[in-house]
Structures are given as structure tokens and as C-alpha cells.
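# Structure assessment
Each chain, written out:
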Amino acid sequence: MQNLNPASPPQLAPTSTLGPRPGIAQFRPGGSSITSVIGPDLVIHGNLTSKGEVQIEGEVQGDIYGTHVVIGERARVTGGVIAEECIIRGHLLGTVRGRRVLLQGSSHVEGDIYHQTMAIEQGAFFEGKSRRTDDPLSGLNRSERTPEAMSPPPPPLPDASSEE
């Protein structure tokens, strides 16, 4: 049973004459106030596309497209990431294209990174090429942002009719 003391009213969230406080994502230009989360017990086989913030805590086997992508410490991503801003704390095997890329100390990245700005914290593991470009997303037109364009093409099948 809860102790209800009339002298001390229940604590409510502080109110302001300015209205509710905005979330962190609202401070980003064009940012959404809701973050989509892939939980630690979820495995996704396929590509993800979001117009807002995506936080990966589980496993994704596919490409991720978003404006702000966070790959959590225990997350595992096998595929490419295309985002305005990408924060990596977990495992990523694939190519990253982002204006701002941050590899935090717990990250393990194997793949190439195309970026405008990039920071690598002490303790981060990175094996691949880092390419600075003024606009890492500009070379991608709409058709190149499709999942097929992010993944390497399958090897050609041997053609028995063309033996030379």
C-alpha cells in the first residue's frame, strides 16, 4: 500500500509556461521526436529505412538508411549504413556513408567509411578505408540508395553455353 501524505503532494513532471520540453532529437534540424528502436532480442533479416532516428540494440542483417543511426554496444549489423549522422558503439560489417560518423570506444567496424567528418575514440577497432568527401551522400541518387546498390552484386553464374 502506498503512503499518501497530504502534506507532500505526489511529484509530477515539472511544468513550464513555455510548454513541454523538447526531446533531444528535436534539436537536430528536421529531427523527429520519436526514436525507432530495434531491441536486443530482435533479429532483422532485411533492410531498414527511416526518415528519423534509428537505434539498433539487436541484430540487423541488411542495410540501414536513416537520418540519424545509432548502433548500440551489443548490436551486430551486417550490411551498409547510409545516414546523415552515424554513431557506432557495436559491431558493424559493411560500408558506412555519412556526413558525421563517430566510432566510439566499444565499436568494432570492418568496412569502408565515406564521411565528411569522422571521429574515432580510443579503444575503437576499425579495419577498412576511410575516405573524406565534401558530401558522401551526394553521389548517391535515388536508385543507388536501393538495397541492391548497397550490397555487392552476386557472382555471375557459369554459362555452360559459352565455352571458348
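The buried fraction of strand E6 (residues 64–71) is high, at 7 of 8 residues. Where strand E3 (residues 48–49) and E6 come together, 2 bridges link them in parallel fashion. When the bridges of E6 are listed, leucine 48 appears paired with isoleucine 64. Of the strand pairs in this sheet, strand E4 (residues 53–56) and E6 are connected by 4 bridges, and their pairing is parallel. Across the sheet, residue glutamate 53 finds its bridge partner in E6, namely histidine 68. Direction of pairing for E6 relative to strand E8 (residues 81–88): parallel, over a ladder of 7 bridges. Following the sheet pairing, isoleucine 64 is matched in E8 by valine 81.

Scored by pLDDT, the protein chain comes out at a mean of 78, with 64% of its residues at no less than 70. Considering each helix and strand of the protein chain separately, the mean pLDDT is smallest for helix H1 (residues 147–150), with a value of 45, and largest for strand E9 (residues 91–93), with 98. For the stretch residues 8–27, pLDDT sits under 50, and the model shows 7 contacts to residues farther than four places along the chain or on other chains. pLDDT under 50 marks residues 141–155. Its contacts with residues more than four places away, or in other chains, come to 17 contacts.

Let us now look at the side chain of arginine 99. Looking at the element boundaries, arginine 99 is found in strand E10 (residues 96–103). Looking at arginine 99, its side chain comes within polar contact range of the side chain of glutamate 84, at 2.6 Å. Residue contacts for arginine 99: discarding those within four places in its chain leaves Ala83, Glu84, His115, Gln116, Thr117, Asp135, Pro136 and Leu137.

Looking now at the packing of aromatic side chains. The tally for this structure, following the rule as stated, stands at 0 aromatic pairs. Note that arginine 97 overlies the ring of tyrosine 114, its terminal NZ or CZ placed 4.3 Å from the centroid.

Turning to the sheet that holds strand E5 (residues 59–61), a few remarks are in order. Within a sheet, adjacent strands bond to each other through the backbone by hydrogen bonds, running parallel or antiparallel. Pairing in this open sheet of 6 strands is parallel, and the strands run E2-E5-E7-E9-E11-E13 from one edge to the other. Only two strands of the sheet have a single partner each, and these edge strands are strand E2 (43–45) and strand E13 (125–127). Strand-to-strand twist of the sheet, defined as the mean angle between neighbouring strand axes without regard to direction, takes the value 5°. Relative to E5, E2 runs parallel, the two being bridged by 3 bridges. Bridging from a neighbouring strand, histidine 45 pairs with glutamine 61 of E5.

Thresholds applied
- Residues numbered from 1 in each chain as written.
- Predicted model: local features only at pLDDT ≥ 70, side-chain atom pairs only at ≥ 80, totals over all residues.
- Heavy atoms only, no water.
- Buried < 20%, exposed > 50% of the residue type's maximum accessible area, 1.4 Å probe, protein only.
- Helix = DSSP H or I, 4+ residues; strand = E, 2+ residues; numbered from the N terminus.
- Pairing = 2+ DSSP bridges.
- pLDDT = per-residue confidence, 0-100.
- Contact = heavy atoms within 4.5 Å.
- Polar contact = N/O pair within 3.5 Å; in protein donor to acceptor, adjacent residues only side chain to side chain.
- Phe/Tyr/Trp six-rings, centres within 6.5 Å; stacked < 30°, edge-to-face > 60°.
- Lys NZ or Arg CZ within 6 Å of the ring centre and 35° of its normal.
- Axes fitted to C-alpha atoms, helices over the stretch in contact; angles between N-to-C directions.

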